[in-house]
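# Chains, contacts and geometry: an overview
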Amino acid sequence: MAGLTRTAGAFAVTPHKISVCILLQLYAPSAQMSLPFPFSSVSQHNRLGLYLLSLTKSCDDIFEPKLEDLINQLREVGEDMDAWLTDHLTNRFSSLTSPDDLLNFFNDMRGILGSLDSGATQDDQIILDPNSNLGMFVRRCILAFNLLSFEGVCHLFTSIEVYCREAHSSSAQYDESNDNLESLIQHDQMDMEKYIMDKATEEIELQKNASGSVPFHLHTPEALFKVTEGLLVTRKEKSRTNMKKTEATPLASASSSTADDTLVDESLFLRTNYQIQGFLMEQADAIETHGSSLSSSSIESFLQKLQKLAPELHRVHFLRYLNKLHSDDYFAALDNLLRYFDYSAGTEGFDLVPPSTGCSMNGRYEIALLCLGMMHFRFGHPNLALEVFTEAVRVSQQISNDTCLAYTLAAMSNLLSEMGIASTTSVLGSSYSPVTSTASSLSVQQRVYILLKESLRRADSLKLRRLVASNHLAMAKFELMHVQRPLLSFGPKASMRHKTCPVSVCKEIRLGAHLLSDFSAESSTMTIDGSLSSVWLKDLQKPWGQPVFSQESGSRKSSTFFQFCDHLVSIPGSVSQIIGASYLLRATSWELYGSAPMARMNTLVYATLFGDSSSSSDAELACLKLIQHLALYKGYKDAFAALKIAEEKFLTVSKSKVLLLKLQLLHEHALHRGNLKLAQRMCNELGGLASTTMGVDMELKVEASLREARTLLAAKQYSQAAKVAHSLFCACHKFNLQIEKASVLLLLAEIHKKSGNAVLGLPYALASISFCQSFNLDLLKASATLTLAELWLGLGSNHAKRALDLLLGAFPMILGHGGLELRSRAYIFEANCYLSDPSFSDSDTVLDSLRQASDELQALEYHELAAEALYLMAMVYDKLGRLEEREEAATLFKKHITALENPQDEEPNMA
């Protein structure tokens, strides 16, 4: 029974592969074949070659196309040759009238392969390199056919008959071009199909009785085998009726819609372990890419059915773990993760981290610890995750699994960077020798730096290109957020000033983006590009408009040409996500550095080039960055309109980025309109989303505390606002959140400025400027400089010149990159400086600044600042004697004051 019993990952000959071989004979005919060369140009021949390359790369897909689908694809690819290609394909199948013809066919296939010692080939003959992708495919088909027994050859021949008959019954063109198909149908009398399946049933039953279980690589558990057996009994009747459609899930929308048809059409071809694992990998990628946007219940129902049909597929437990992980079900995720490693010991589906030699008795314990630690990390248990990671490091070192150690170190550095952990000495200091041997009093940030460097070194030595790229991006983020200091600092120069280096950040981001050019060197055995080839083949059925290569003009259509090339470059999804993450990190760095145009440009590049291939989380982040840009530079009307579109596109759940941004925008808008009750409610909802665990959701907690202090400041409760800000500064200092400390110091300066204590606010403003200089936060520095100038002017009009000089120094940055609010503040303060000088007489300059501020504040509905600008305008008009314009400004001033004192309680309309 060699024709049915295959080893795990074996290559089996199918009717579809024979169709590809027939097309390969047309592409590179042997010297013995007298076939006319039908191609009118080299580009036509190359196009067929690219199509065949995609077919061979997708040959291991779990679902193979039918003959009818293949003919439809040939119509798209062949252009004016489609009739000739289709006729030859169907006629060649018609010539296979017996199993002996199959033997002769594969003997002829040897003639299209070249060899190193063949020097008698003709100059115009096209031969295939045996070591090329096409040549390897032909060699594999020949070898797989030679390994078949007589029953296997008969099995294959019967399947070809069914393969052709189904296409004949559904295609009129096939019926017209194939007059000899009746010669195939006459073999129904032999009832070969029933004979072969009876033998297969007997063999499987013998193996089941001998071992007590069905071999895994056959994938025929009892329930599934009964389904297959029932299909064979009524095959002829069911082939003439419509199959009942099963419920399609978003998880497998590309394949589940034809699952029943595939079972009927290809029930004789049992799927190999390699194909099943590839199919499950596609589903895992879909879960991780789309995350919580998928329906968790429908995915769970699909996986339960799959597990019931094939209980030996332990990787189904891992998919259920991923599903529960993204639906935030902690206990179900933990249960399925433990089941997966209990049943399979981690040996199924984790080829990305290969086991080291000599560790079979331990199974994949270190991989289980790595997954468990990442699960605790996601659910907000940093200390527990750190303990699990530390144990994974110990086990990986003990069994010399360097690959798992590199991934664990990267996960630990990510944990320490994202989570607020004040000290790790009791957990990490006694486990990892590079950290322990350096110093016992290292800060968390220094430990993160050591872990990143060590993980990067190990990943580079092991040729793990994707991990190398991820570590480069993590290093860029670390250098963006932290000032580099020596690990051991002592002596008189120990207190020297240090700064971040934007050049180093840019360098690390560029090194991470180099993955696009060398990802093929990844040593992982899970790098499969057949799925992308399948996507390219499926997209052939979509309308393209004009052909890629125009036959009339001989020119290329640019729009379809780039679409064509995009499909030909088989870039794995994980690689595309890492490259896209580099653009998001670029956008974040430019936001911190203060360049709004560069941040917006990189975000648009990401949304344009990587929006479809990225994860839903990254796509959501890019969309929200653009909405924030609209709110800062265009006003709330456009921002709320874009936010409504984002809510429809992305699933709004607890702690989702869309929900967080909505609360932030509503809070800002309420403060500007003077609606303090609504602002306090939004602030409370924002704080309620943060976890109560110490060190978890630190970014969200800092944001909520900042907004609470700003709400108290708007309510003129200065002492309480200062208390909240001081508490927040202590938390940021404890968890070493340096950039957030600069913002808190600036807020303290604002509190003292509005409370009338300008002298107390000066140290906070200067300290904020110092932090901004250390981290190259140019826009925040300009805002702090404006606050410092306002504090100097608050000391008296005799300091107006110094304040104006400070403002003029920050004006280029504010006007070039600042938002509407910051620019308006600068314009109003400039007018205040000029009006504080009795000798100043250029009223037009003052009025221009105030008009600009008033216009920009209208988009923000910032009543308080708009009233201040209009009040100054009315004063200037009064001094100039322009009474009509004064009354107009006074009327608008009264309108803003009335709106500020009587705010509307309803939320803004987002329609």
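Given the structure is predicted, the values throughout are model-derived calculations rather than measurements. (Residues numbered from 1 in each chain as written. Predicted model: local features only at pLDDT ≥ 70, side-chain atom pairs only at ≥ 80, totals over all residues. Heavy atoms only, no water.)

### Side note on the overall build of the chain
The line we're drawing: By definition, any uninterrupted DSSP run of H or I lasting at least four residues is a helix, any uninterrupted run of E lasting at least two residues is a strand, and each is numbered from the N terminus. Only protein chains enter the accessibility calculation, which uses a 1.4 Å probe; a residue whose area is less than 20% of its type maximum is buried, one above 50% is exposed, and one in between is partly exposed. Any two residues having at least one pair of non-hydrogen atoms within 4.5 Å are treated as being in contact. Using a 1.4 Å probe, the Shrake-Rupley method yields the accessible areas, and only the shown protein chains count as cover for residues.
Across its full length, the chain holds 43 helices and zero strands. Buried residues in the chain amount to 51% of all 911 residues. A separation of at least 24 residues holds for 69% of the contacts in the chain among residues at least 6 apart in sequence. Surface accessibility of the chain: about 42,900 Å² in total, with carbon and sulfur atoms responsible for 54%.

### Structural notes on the nonpolar core
As a reminder, the rule being used: What is meant by a nonpolar core is a set of buried Ala, Val, Leu, Ile, Met, Phe, Trp, Tyr and Cys residues, joined one to another through side-chain atoms within 4.5 Å.
The biggest cluster of nonpolar side chains holds 75 residues, and the ones touching the most others in it are Ile627, Leu665 and Phe829. If we ignore the near neighbours within four places in the chain, the residues touching leucine 665 are Ile627, Ala631, Tyr636, Ala639, Phe640 and Leu643. By size, the runner-up hydrophobic cluster in this structure holds 61 residues, among which are Ile287, Ile299, Met419 and Val468.

### Topic: the confidence of the model for the chain
Stated precisely, the cut-off is as follows: By definition, pLDDT measures how confident the predictor is in each residue, and it falls between 0 and 100.
Looking at the chain, the pLDDT average stands at 74 and 69% of residues meet or exceed 70. Under a pLDDT of 50 for its full length, residues 424-441 has, in the predicted model, 38 contacts with residues more than four places off or in other chains.

### Regarding the environment of alanine 874
Tracing the backbone shows alanine 874 in helix H42 (residues 863-880). Here alanine 874 falls in the buried class, since its relative accessible area comes to 13%. Beyond its immediate sequence surroundings of up to four residues, alanine 874 is in contact with Arg886, Ala889 and Ala890.

### A few points about the environment of glutamine 720
Take glutamine 720: it is sitting in helix H35 (residues 718-734). Between the C-alpha atoms of glutamine 720 and glutamate 708, which are twelve residues apart in sequence, the distance is 9.9 Å.

### Quick notes on the packing of aromatic side chains
To keep things clear, this is the line we draw: Pairing of aromatic rings covers Phe, Tyr and the six-membered ring of Trp, with a centre-to-centre limit of 6.5 Å; geometry is then stacked below 30 degrees between planes, edge-to-face above 60, and tilted otherwise. Definition used: whenever NZ (Lys) or CZ (Arg) falls within 6 Å of the ring centre and also within 35 degrees of the ring normal, the charge is taken to sit over that ring.
According to the stated counting rule, one finds 15 aromatic pairs in the structure shown. Here tyrosine 606 and phenylalanine 610 contribute two aromatic rings whose centre-to-centre distance is 6.3 Å and whose plane-to-plane angle is 25 degrees, an arrangement assigned as stacked. Owing to a relative accessible area of 1%, tyrosine 606 belongs among the buried residues under this scheme. Between phenylalanine 811 and tyrosine 827, the aromatic rings sit 6.3 Å apart at their centres with planes inclined by 50 degrees, giving tilted as the arrangement. On the criterion of sequence distance, the pair formed by phenylalanine 811 in helix H39 (residues 800-817) and tyrosine 827 in helix H40 (residues 820-836) is long-range, its members being 16 residues apart. In this pair, the class of phenylalanine 811 matches that of tyrosine 827, namely buried. In this arrangement the basic side chain of arginine 586 is found over the ring face of tyrosine 583, its NZ or CZ atom lying 4.8 Å from the centre. In this structure, arginine 802 is placed above the aromatic ring of tryptophan 792, and the distance from its NZ or CZ to the ring centre is 4.3 Å.

### Some points on the packing of helix H31 (residues 636-649) against helix H32 (residues 657-673)
Basically, it comes down to this: To get an axis, fit a line to the C-alpha atoms, keeping to the stretch in contact for a helix; angles then go from 0 to 180 degrees between the N-to-C directions. What sets the label is the angle itself: under 35 degrees gives roughly parallel, over 145 gives roughly antiparallel, 65 to 115 gives roughly perpendicular, and the rest give oblique. By the definition used in this description, the sense in which the near helix is turned from the far one sets the handedness, with an anticlockwise turn below a right angle giving left-handed and a clockwise turn giving right-handed. Basically, the charged four are Asp, Glu, Lys and Arg, the nonpolar ten are Ala, Val, Leu, Ile, Met, Phe, Trp, Tyr, Cys and Pro, and anything else, Gly included, counts as polar.
Axis separation between H31 and H32 bottoms out at 11 Å; the angle between their running directions is 160 degrees. Comparing their axes, H32 and H31 come out roughly antiparallel. In terms of crossing hand, the pair formed by H31 and H32 is left-handed. Residues Tyr636, Ala639, Phe640, Leu643, Ala646 and Glu647 of H31 touch H32, and the partners they reach there are Val658, Leu661, Lys662, Leu665, Leu666, Glu668, His669 and His672. Considering only residue class, the contact of H31 with H32 consists of nine nonpolar, two polar and three charged.

### Observations concerning the pattern of salt bridges
The condition that has to hold: Think of a salt bridge as a Lys or Arg side-chain nitrogen and an Asp or Glu carboxyl oxygen that are within 4 Å of each other.
The tally for this structure, following the rule as stated, stands at 23 salt bridges. Aspartate 335 serves as the salt-bridge partner of arginine 339, at 2.9 Å between the closest nitrogen and oxygen. Taken together, the residues span about one helical turn, with arginine 339 and aspartate 335 both in helix H17 (residues 330-344) at a distance of four residues. Residue classification places arginine 339 among the partly exposed residues on the basis of a relative accessible area of 34%. Across the salt bridge formed by aspartate 402 and arginine 458, the nearest N and O atoms sit 3.6 Å from each other. Note that aspartate 402 is positioned in helix H20 (residues 402-418) and arginine 458 in helix H22 (residues 444-461), a separation of 56 residues in sequence. With relative accessibility at 17%, the residue arginine 458 sits in the buried group.

### Quick notes on helix H41 (residues 843-860)
Stated formally: Helix span, as expected, comes to 1.5 Å for every residue beyond the first.
An ideal rise of 1.5 Å per residue puts 26 Å on 18 residues; H41 measures up with 26 Å between its terminal C-alpha atoms. Along H41, the residues classified as buried are Val846, Leu847, Ser849, Leu850, Ala853, Ser854, Glu856, Leu857 and Leu860. Here the buried face of H41 lies against helix H30 (616-633), H31, H32, H40 and H42. Note on H41: the residue one or two positions beyond its end, glutamate 861, has a positive phi of about 55 degrees.

### Brief notes about the packing of H32 against helix H34 (residues 698-714)
Running from N to C, H32 and H34 cross one another at 15 degrees; their axes reach a closest spacing of 11 Å. With respect to H34, the axis of H32 lies roughly parallel. Where H32 crosses over H34, the handedness of that crossing is left-handed. Counted together, Leu660, Gln664, His667, Glu668 and Leu671 of H32 and Leu700, Glu703, Arg707, Arg710, Thr711 and Ala714 of H34 form the full contact between these two elements. Class assignment for the residues of the contact of H32 with H34 results in four nonpolar, three polar and four charged.

### A short note on unusual backbone geometry
In this model, lysine 463 sits at a positive phi of 60 degrees, which is unusual for a non-glycine residue. When you line up the elements, lysine 463 lands in the loop between H22 and helix H23 (465-481). Classification of lysine 463 by relative accessible area gives partly exposed; the value is 42%.

### Section: the side chain of serine 595
Locating serine 595 in the fold gives a position in the loop between helix H28 (573-593) and helix H29 (596-609). According to the relative accessible area criterion, serine 595 is buried, its value standing at 12%. Beyond its immediate sequence surroundings of up to four residues, serine 595 is in contact with Trp590 and His817.

### Here's the deal with H39
Using the following cut-off: Bend at a residue means the angle formed by two fitted axes: the first through the 7 residues ending at that position, the second through the 7 residues beginning there.
Here H39 is 18 residues long and its end C-alpha atoms lie 25 Å apart, about the 26 Å a rise of 1.5 Å per residue gives. Of all the bends found along H39, the most pronounced is centred on alanine 810 and spans about 50 degrees, while proline 812, a proline, follows it within four residues. Where H39 is buried, its residues meet helix H38 (778-794) and H40.

### A word on the side chain of glutamine 664
Along the chain, the position of glutamine 664 falls in helix H32. Note on glutamine 664: relative accessible area 15%, which makes it buried. Non-local contacts of glutamine 664, meaning those with residues more than four positions away in its chain, are made with Gln628, Leu686, Glu703 and Arg707.

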